[in-house]
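# Breakdown of the fold
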Amino acid sequence: MTRKDPRDLRSARWFAPDDLRGFGHRSRMMQLGYAEEDFRDKPVIGVLNTWSELNTCHAHFRDRVQDVKRGVTQAGGFAVEMPSLSVDESFTKPTSMLYRNMLAMETEEMIRSHPLDGVVLMGGCDKTTPGLVMGAISAGVPMIYLPAGPMLRGNYAGKILGSGSDAWRYWDERRAGNISDAEWLGIQAGIARSAGTCMTMGTASTMTAIADALGLTLPGASSIPAVDSSHQRMSADCGRRIVEMVWEKLTPDRIVTPPAVQNAAVVAMATGCSTNAVVHLIAMARRAGVNLTLDDLDALGRVTPLVANIRPSGKDYLMEDFYYAGGLRALMKQLGDRLDGSVLTVTGRTMSENLHGAQVYNDDVIRPLSNPVYAEGSLAVLRGNLCPDGAVIKPAACDVKFHVHEGPALVFDSYPEMKQAVDDEDLAITPDTVMVLRNAGPQGGPGFPEWGMLPIPKALIKQGHRDMLRISDARMSGTSYGACVLHVAPEAYVGGPLALLRTGDTVRLDLPNRRLDMLVDEAEIERRRAAWTPPPARFKRGWGWMFSRHVTQADQGCDFDFLQSDFGRAAGEPDIF
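Residues numbered from 1 in each chain as written. Predicted model: local features only at pLDDT ≥ 70, side-chain atom pairs only at ≥ 80, totals over all residues. Heavy atoms only, no water.

### Brief notes about the overall build of the chain
Worth spelling out the cut-off: Counting from the N terminus, the helices are the DSSP runs of H or I reaching at least four residues and the strands are the DSSP runs of E reaching at least two. In this description the radius of gyration comes from C-alpha coordinates, and the expected globular size is given by 2.2 Å times residues to the power 0.38. In what follows, a contact means two residues having at least one pair of non-hydrogen atoms within 4.5 Å. Shrake-Rupley sampling with a 1.4 Å probe provides the accessible areas, and residues are treated as covered by the protein chains on show and by no other component. Positive: Lys, Arg. Negative: Asp, Glu. His and the chain ends are not part of the count. For charged residues, the charge sits on one atom: NZ in Lys, CZ in Arg, CG in Asp, CD in Glu.
For the chain, the count of helices and strands is 20 helices and 14 strands. Against the 2.2 N^0.38 benchmark of 25 Å for 577 residues, the chain shows a C-alpha radius of gyration of 24 Å, consistent with a compact globule. Here the C-alpha coordinates of the chain stretch approximately 80 × 55 × 45 Å along the principal axes. Partitioning the contacts of the chain with sequence separation of at least 6, the portion at a separation of at least 24 is 76%. Surface accessibility of the chain: about 22100 Å² in total, with carbon and sulfur atoms responsible for 51%. Averaging the locations of the 61 positively and 69 negatively charged side chains of the chain gives two centres separated by 2 Å.

### What to know about the sheet that holds strand 10 (residues 434-437)
Definition in use: Two strands are said to pair when DSSP picks up at least two bridges between them. To get an axis, fit a line to the C-alpha atoms, keeping to the stretch in contact for a helix; angles then go from 0 to 180 degrees between the N-to-C directions.
Strand order in the open sheet formed by eight strands is 7-8-12-11-10-9-13-14, and the pairing between neighbours is mixed. Bordering the open sheet on either side are strand 7 (380-382) and strand 14 (515-518), each of which pairs with just one other strand. Taking each pair of neighbouring strands and ignoring which way they run, the sheet shows an average axis angle of 30°. In this structure, strand 11 (residues 470-472) lies alongside strand 12 (residues 484-489), joined through two bridges in parallel fashion. Along strand 12, the bridge assignment pairs Arg470 with Cys484.

### Some thoughts on the packing of helix 9 (residues 203-213) against helix 12 (residues 276-287)
Note the following rule: Handedness of each helix crossing follows the sense of rotation of the near helix against the far helix: counterclockwise by less than a right angle gives left-handed, clockwise gives right-handed.
One can describe the packing of helix 9 onto helix 12 by two numbers: an axis separation of 10 Å at closest approach and a directional angle of 35°. Pair helix 9 / helix 12 crosses with right-handed handedness. The segment helix 9 lies against helix 12, with Thr203, Thr206, Met207 and Ile210 engaging Asn276, Ala277, His280, Leu281 and Met284.

### Digging into the pairing of strand 1 (residues 44-49)
The side chains of a regular strand alternate between the sheet's two faces. Rules: Any residue under 20% of the maximum accessible area for its type is buried, any over 50% is exposed, and the rest in between are partly exposed; the area is computed with a 1.4 Å probe on protein chains only. By convention a crossover is right-handed if, when the strands point away from the viewer, the path from the first strand over the helix to the second runs clockwise.
Most of strand 1 is tucked away: six of the six residues are buried. What you see with strand 1 is no split at all: Val44, Gly46 and Leu48 on one side and Ile45, Val47 and Asn49 on the other are buried throughout. Examined bridge by bridge, strand 1 and strand 2 (residues 78-83) share six bridges and lie parallel to one another. The partner of Val44 across the bridge, within strand 2, is Phe78. In this fold, strand 1 hands off to helix 4 (residues 61-74), which returns the chain to strand 2; that crossover is right-handed. Sheet analysis places strand 1 next to strand 3 (residues 118-123), joined by five bridges and oriented parallel. Residue Gly46 lies in a different strand from strand 3, and its bridge partner there is Val119.

### Describing helix 8 (residues 181-190)
Rule in force here: Arc, as used here, means the arc of the directions from the helix axis to the C-beta atoms.
Taken together, the buried positions of helix 8 are Gly186, Ile187 and Gly190. Around the axis of helix 8, the buried residues are gathered within 100° of arc, so they sit on the same side. Opposite the buried face of helix 8, at more than 90 degrees from it, the exposed residues are Asp181, Leu185, Gln188 and Ala189. In this structure, the buried side of helix 8 is in contact with strand 5 (154-156), strand 6 (159-161) and helix 7 (165-175).

### Quick notes on the nonpolar core
Put simply, the test is: Only buried residues count toward a nonpolar core. Its members are Ala, Val, Leu, Ile, Met, Phe, Trp, Tyr and Cys residues joined through side-chain atoms within 4.5 Å.
If you look at the biggest cluster of nonpolar residues, it comprises 108 residues, and the most contacted ones within it are Val120, Ile210, Leu214, Phe322 and Leu331. Considering every element that reaches this core, the biggest residue donor is helix 11 (residues 258-271), with nine residues. Excluding its chain neighbours within four sequence positions, the residues that come into contact with Leu214 are Ile255, Val256, Ala260, Val261, Ala264 and Met284. Core analysis: the next-biggest nonpolar cluster, separate from the first, contains 29 residues, Val436, Ala492, Leu516 and Met518 among them.

### Considering the environment of Val488
In this fold, Val488 is placed in strand 12. The class for Val488 is buried, based on a relative accessible area of 3%. Here the alpha-carbon distance between Val488 and Leu386, two residues 102 residues apart in the chain, equals 7.6 Å. In contact with Val488, not counting residues within four places along its chain, are Leu386, Cys387, Gly390, Ala391, Ile471, Ser472, Asp473 and Leu498.

### Let's talk about the sheet that holds strand 2
What the four strands build is an open sheet, ordered 2-1-3-4; its pairing is parallel. Strand pairing shows two members of the sheet lacking a second neighbour, strand 2 and strand 4 (143-147), which therefore form its edges. Strand-to-strand, the axes of this sheet are offset by a mean angle of 20°, without reference to chain direction. Taken strand by strand, helix 4 contacts strand 1, strand 2, strand 3 and strand 4, and its axis lies near 155° from that of strand 3.

Below, the structure is given as structure tokens:
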């Protein structure tokens, strides 16, 4: 039996003292319309809600927060909604990645500075999962993650549409003159039909699956579609469970351990994860003191088969199909002893216990290990003289003919320069050309935008080509696909070797040997390095200036250097006088 002594509650420091401090806090709660019996001697649960009227992924959160609060009340807690930075993917420019660390800082400080005994984190849109989790790990109070869930399948003219993936595909066809204005409008209306995150295995579904595999969600919660009634019940369950977690003192440091992080990485590889998983999982792990590296992820990718037949790495299905096939619990059950089932989760039980009874209902959606979509995992990490600190590619999402490729570089220093060129139908380019975009990394972008799926030039589209080798220090959307080498580190903007590449230089990709090189004499590379001059600063003040001074490179997770666990001891409890 868990001991439930109200004197142990963190919020008691605010509400219990029989002095002017306690009087002031209790008086202000009464000002809000609450009686003392509503909140005193009860776990105070902060519901951190990333809803906004511009965040389409979280459009249902305005209602779901009521489900959470109902669950908290039923379990004997007191719920307070705490609006949090929404960081939506669709409308935040130049990229929501510029603000992931802002959300992490806000989350940590909001928890620490308020009388919260535990928190429910409501997120889902790409950067909200890592931002909320990073901040809550650093804050250290009991937490449970409530994933937004994927939207319904897209549909137009009898065809199933997948978020992002089909937008890119049909855009190429429109550029080729194969789609009319009316068809384009129909696709535009049909590709996103409900609240929820992208229903492909993009960054949102990848990151919520990672949170699930880390043990930070209720088992299988990441797979539930946003508008399914099961999502409402799961939300209330989160409210009930977080109250018990407070009494159990079940804090994130007991859950996010090295074996749990490895489980999350294995699951990510098996789902056909977004390349963005690399950056976010490294950052999340390091907040918990787990020094996850690119090499760790590459090693797991080599031995973990991709078994989720979900687009864009899979061929046929979307997240709604994945849920009906058994969801993440079924996939994790399928992975068997590749996962450490002894790890603790937010349920208070082990992962093995949580997976008991999980079944696969469609073995074409969730494949057996003996019949994977792809024999190795979703991601591969490259090294070489173009990316000494690493680069990432998604082998399963590109044509195998590019796994070993050599061709002349066509280098662009900015997105507008590149965009102008690819729309030129007379551009001198061949299918062997290697398109390169630089100055699009964490500092150069600024903020590490999703520009890495460079558009196929019209000159090649007209010839029927739909893929080519592309390299950048940018990211790309998890819904994207193609022979795209991303996250080149160090980035060009800070003087990485990509800054020294010139149009016409031969570039070689050797995926089996995990190499990416420019075939340029080392002495010539050194001459270019000596002649390179740093570009002017992107920001002179404000958040951007702070971001540029403290963000780490892609291979380090792009957290701020001063927020990582090895920088120094976290602040303690606030003084209350």
